[in-house]
Amino acid sequence: IIPPAAFLRLLSDRLAAPFWELLTQASAQAEQRGWHLYLVGGGVRDLLLAKQNGAAPLYLQDIDLVVDGFHRTADVGAGVELARALQQLYPAARLEIHGAFQTAALLWHKDPIFGSLWIDIATARTEFYPYPAANPEVEASSIRQDLYRRDFTINSLAVRLTPPRAGEMLDFFGGLLDLQAKQIRVLHANSFIEDPTRIYRAVRFAVRLEFAIEPQTENYIRYAIDSGVYKRTQGNNSRAPALQTRLKNELKYILQAPYWQAALSLLGDLDALQCLHETLKLDKTLWQQLRFLERCLRRFNRESRKSKVKSQNVPIPPWLLRLEVLIAYLAPEYRDRVAQNLQLPDDSIYRLRHLQQAQERVSTALPSCRLPSQVFDLLRQYDLPMLILIALRSPRPVRSLVWQYVTQWANVQPLLSGHDLKQLGYKPGPQYRQILDDLLAATLDGIIRDRTEAESYLFEHYPR
Ligand code: CTP
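Residues numbered from 1 in each chain as written. Predicted model: local features only at pLDDT ≥ 70, side-chain atom pairs only at ≥ 80, totals over all residues. Heavy atoms only, no water.

Asker: Hey, could you go over the overall build of the chain for me, with residue numbers and the actual values?
Answerer: Helix and strand content of the chain: 22 helices and eleven strands. Taking all 464 residues of the chain together, 50% fall into the buried category. Sequence separation of 24 or more characterises 67% of the internal contacts of the chain that already satisfy a separation of 6 or more. By element, 51% of the accessible surface of the chain is carried by carbon and sulfur atoms, the whole surface being about 22500 Å². (Helix = DSSP H or I, 4+ residues; strand = E, 2+ residues; numbered from the N terminus. Buried < 20%, exposed > 50% of the residue type's maximum accessible area, 1.4 Å probe, protein only. Contact = heavy atoms within 4.5 Å. Areas by Shrake-Rupley, 256 points an atom, 1.4 Å probe, with all protein chains shown as cover.)

Shown next as structure tokens:
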């Protein structure tokens, strides 16, 4: 147990000075109004985990504060009032108020002092879940109950910032011990049933902090999944869309993190990919596809950095393409529904809806292509992400041709333009398209190699 004075010292020592100043101001404002103010959640966890000696001062990006009033009704808006008072002191911050939950946020974006900082200020509350996987309803209540509704013990620590007993650590659920033991533990057995996104959070914290999921907590995860907790998120009930959005955010968080492979592997062990669809399994073939995707992404990012050719960029973020690979691994009849449930962007939904048809077409037609221009004609209708999806799911000969197309043939530049045709005395009209396509095909097939050859070819095949 850390004595209060020592913890305050720890805060002032480890935090970069402007952050400490900000917490001091916030606490003074709360004290003037007769409230308690607490630093809670990830900030406390990260402060305790931060390297002790010689480390650079901590710049927090997220600060969670909770105001605890003494009078249940009078102080319902305490968090909002405190945020307003702080904004007066820090006019550079933007204030956001979320009425129904009595929370307020102060945001700094690319600030010269704070960088990007997001402070959430909540009023202590209990969240009741009227039925599992529903949105919390709100009522003013005490800090203990506020902490009890949180996901893991290591996130349910609080430090009181206001006197008396400023610096006192509130650890109702054994969070300090779990930090030491490096384990992720839920506060109660129903945690994952109430909020299935926490399964993803458990995995994310475990991998990121290099912690283990405590065995009983792992049992709760498996129980929640076995009992079909994800079905509720996929069904037709009114809460499903909000839950799906949160699931997508957690998936995004994981799939864009540098540790995404370890996290995905742990999700696979827990069979938690069922959140996408009950049939989804992370097996050897799916891993191979994901690895192929990484090679594509590395190759294209390198190419586009080197050559600055815009068309070489994979035009969607890697996390989304990884998610598309996971969804594409489902049987075709499930893909569309899953993509729509997750509210993916329109072009992702389009790809997943048409992937099967495109893949069948490509695998039937490609083997009989004899010339690069025929491959070009077949594949030009698909965008790069669709071609990557097709390639990673196809046998080697098809994959090689698709690869050759996206890395070489798709970038072949025409030797003559419409402007050139005009200069050479061709009357502008619909046949320009045909001529230019024909010239490009001849270039692709190596029949013409430079402008002079292109002009001779032109005069021979299209007399003026
Ligand atoms: N929380 C929760 N259940 C969720 C999401 C969040 O209980 N499904 C709680 C956690 O206690 C967490 C706090 O809300 O500490 C803030 O959420 P978030 O900012 O996502 O978590 P951090 O712990 O700050 O994580 P990170 O360091 O990744 O930002």
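Asker: Summarise the packing of helix H17 (residues 372-379) against helix H21 (residues 431-444); cite the residues concerned and give the values.
Answerer: Where H17 contacts H21, the axes come no closer than 7 Å and their chain directions differ by 125 degrees. Judged by the inter-axis angle, H17 sits oblique to H21. Of H21, the residues touching H17 (which contributes Pro 372, Ser 373 and Phe 376) are Leu 440, Ala 441 and Leu 444. Tallied by class, the residues present in the contact of H17 with H21 amount to five nonpolar, one polar and no charged. (Axes fitted to C-alpha atoms, helices over the stretch in contact; angles between N-to-C directions. Parallel < 35°, antiparallel > 145°, perpendicular 65-115°, else oblique. Nonpolar A, V, L, I, M, F, W, Y, C, P; charged D, E, K, R; others polar.)

Asker: Mind laying out the pattern of salt bridges, listing which residues take part and the relevant values?
Answerer: In this structure the tally under the stated criterion is 24 salt bridges. Here Asp 195 ties to Arg 198 by a salt bridge, and the two come within 3.7 Å at their closest N and O atoms. The exposure class of Asp 195 is buried, given its relative accessible area of 7%. On the basis of relative accessible area, Arg 198 is assigned to the buried category, the value being 6%. We note a salt bridge from Asp 437 to Arg 433, for which the minimum N-O separation is 3.5 Å. Placement of the pair is Asp 437 and Arg 433 together in helix H21, with a separation of four residues, close to one helical turn. (Salt bridge = Lys/Arg side-chain N within 4 Å of Asp/Glu carboxyl O.)

Asker: Outline the site of the ligand, listing residues and values.
Answerer: Neighbouring residues of the ligand: 18 residues in total, closest Arg 45, Asp 151, Asp 195, Arg 201 and Arg 208. The separation between an oxygen atom of the ligand and a polar side-chain atom of Arg 208 is 2.9 Å. Note that an oxygen atom of the ligand is positioned 3.1 Å from one of the side-chain N or O atoms of Tyr 253. Protein contacts shield 78% of the accessible area of the ligand, which totals 570 Å² for the unbound molecule. (Near = heavy atom within 4 Å. Polar contact = N/O pair within 3.5 Å; in protein donor to acceptor, adjacent residues only side chain to side chain.)

Asker: Got a sec to walk through the pairing of strand S1 (residues 36-40)? Specific residues and values, please.
Answerer: The buried count for S1 comes to five of five residues, which makes it a mostly enclosed element. Burial of S1 is two-sided: the residues His 36, Tyr 38 and Val 40 facing one way and the residues Leu 37 and Leu 39 facing the other way are all buried. Judged from the five bridges that link them, S1 and strand S2 (residues 62-68) form a sheet pairing that is antiparallel. Bridged to Leu 39 within S2 is Leu 65. Examined bridge by bridge, S1 and strand S8 (residues 158-160) share three bridges and lie antiparallel to one another. Looking across to S8, one finds that Val 40 is bridged to Ala 158. (Pairing = 2+ DSSP bridges.)

Asker: Can you lay out the packing of aromatic side chains for me, pointing to particular residues and giving the numbers?
Answerer: Summed over all chains, the structure comprises twelve aromatic pairs. For the ring pair Phe 19 and Tyr 59, a centre distance of 5.3 Å and an interplane angle of 80 degrees mean the geometry is edge-to-face. With Phe 19 in helix H2 (residues 17-32) and Tyr 59 in the loop between helix H3 (42-49) and S2, the pair connects residues that are 40 residues apart, well separated along the chain. Ring centres of Tyr 90 and Trp 108 lie 6.0 Å apart, and the angle between their planes is 80 degrees; on these two criteria the pair is classed as edge-to-face. Here Trp 108 lies in strand S4 (residues 103-111) and Tyr 90 lies in the loop between helix H4 (78-89) and strand S3 (94-98), a separation of 18 residues in the sequence. Sitting above the plane of the Phe 205 ring, Arg 204 keeps its charged end 5.2 Å from the centroid. Here the basic side chain of Arg 204 rests over the ring of Tyr 253, its NZ or CZ set 3.6 Å away from the ring centre. (Phe/Tyr/Trp six-rings, centres within 6.5 Å; stacked < 30°, edge-to-face > 60°. Lys NZ or Arg CZ within 6 Å of the ring centre and 35° of its normal.)

Asker: An account of the side chain of Arg 160 is needed here, citing residue identities and associated values.
Answerer: Checked against the element boundaries, Arg 160 lands in strand S8. Residue Arg 160 is classed as buried on the basis of its relative accessible area, which comes to 6%. At a separation of 2.4 Å, a polar atom in the side chain of Arg 160 contacts the side chain of Glu 168.

Asker: Could you give an account of helix H12 (residues 260-269), with specific residues and numbers?
Answerer: In an α-helix, one turn spans 3.6 residues; hence positions three or four apart end up facing the same way. What H12 keeps buried is the set Trp 260, Ala 263, Leu 264 and Leu 267. Across the axial projection of H12, the buried residues extend over an arc of 100 degrees, all falling on one side. Two residues or fewer past H12, Asp 271 is found with a positive phi of approximately 60 degrees. (Arc of directions from axis to C-beta.)

Asker: Give me the pairing of strand S5 (residues 115-123): which residues, what numbers.
Answerer: Sheet analysis places S2 next to S5, joined by six bridges and oriented parallel. When the bridges of S5 are listed, Val 67 appears paired with Thr 123. Relative to S5, S4 runs antiparallel, the two being bridged by seven bridges. Across the sheet, Leu 106 pairs through a bridge with Ile 119, a residue of S5. Taking the residues between adjacent antiparallel strands as the criterion, S4 and S5 are bridged by three residues.

Asker: Go over the sheet that holds S3, please, and point to the residues and values.
Answerer: Spatially, S3-S4-S5-S2-S1-S8-S9 is the arrangement adopted by the seven strands of the open sheet, whose pairing is mixed. Each of the sheet's edge strands pairs with one partner strand only, and the pair in question is S3 and strand S9 (169-170).

Asker: Which residues make up the nonpolar core, and what are the values?
Answerer: Counting residues in each nonpolar core, the largest one holds 127 residues, and the members touching the most others are Ile 63, Leu 65, Tyr 200, Leu 264, Leu 323 and Leu 326. By size, the runner-up hydrophobic cluster in this structure holds 14 residues, among which are Leu 416, Leu 424, Tyr 457 and Tyr 462. (Core = buried A, V, L, I, M, F, W, Y, C linked by side-chain atoms within 4.5 Å.)

Asker: For the packing of helix H14 (residues 318-328) against helix H16 (residues 346-365), give the residues involved together with the corresponding values.
Answerer: At a minimum axis separation of 11 Å, H14 and H16 run at an interaxial angle of 30 degrees. Judged by the angle between their axes, H14 and H16 are roughly parallel. Crossing hand, H14 versus H16: right-handed. Judged by residue contacts, Leu 320, Glu 324, Ile 327 and Ala 328 of H14 engage Ser 348, Arg 351, Leu 352 and Leu 355 from H16. Taken together, the residues of the contact of H14 with H16 break down into five nonpolar, one polar and two charged. (Left-handed = near helix turned anticlockwise from the far one by under 90°.)

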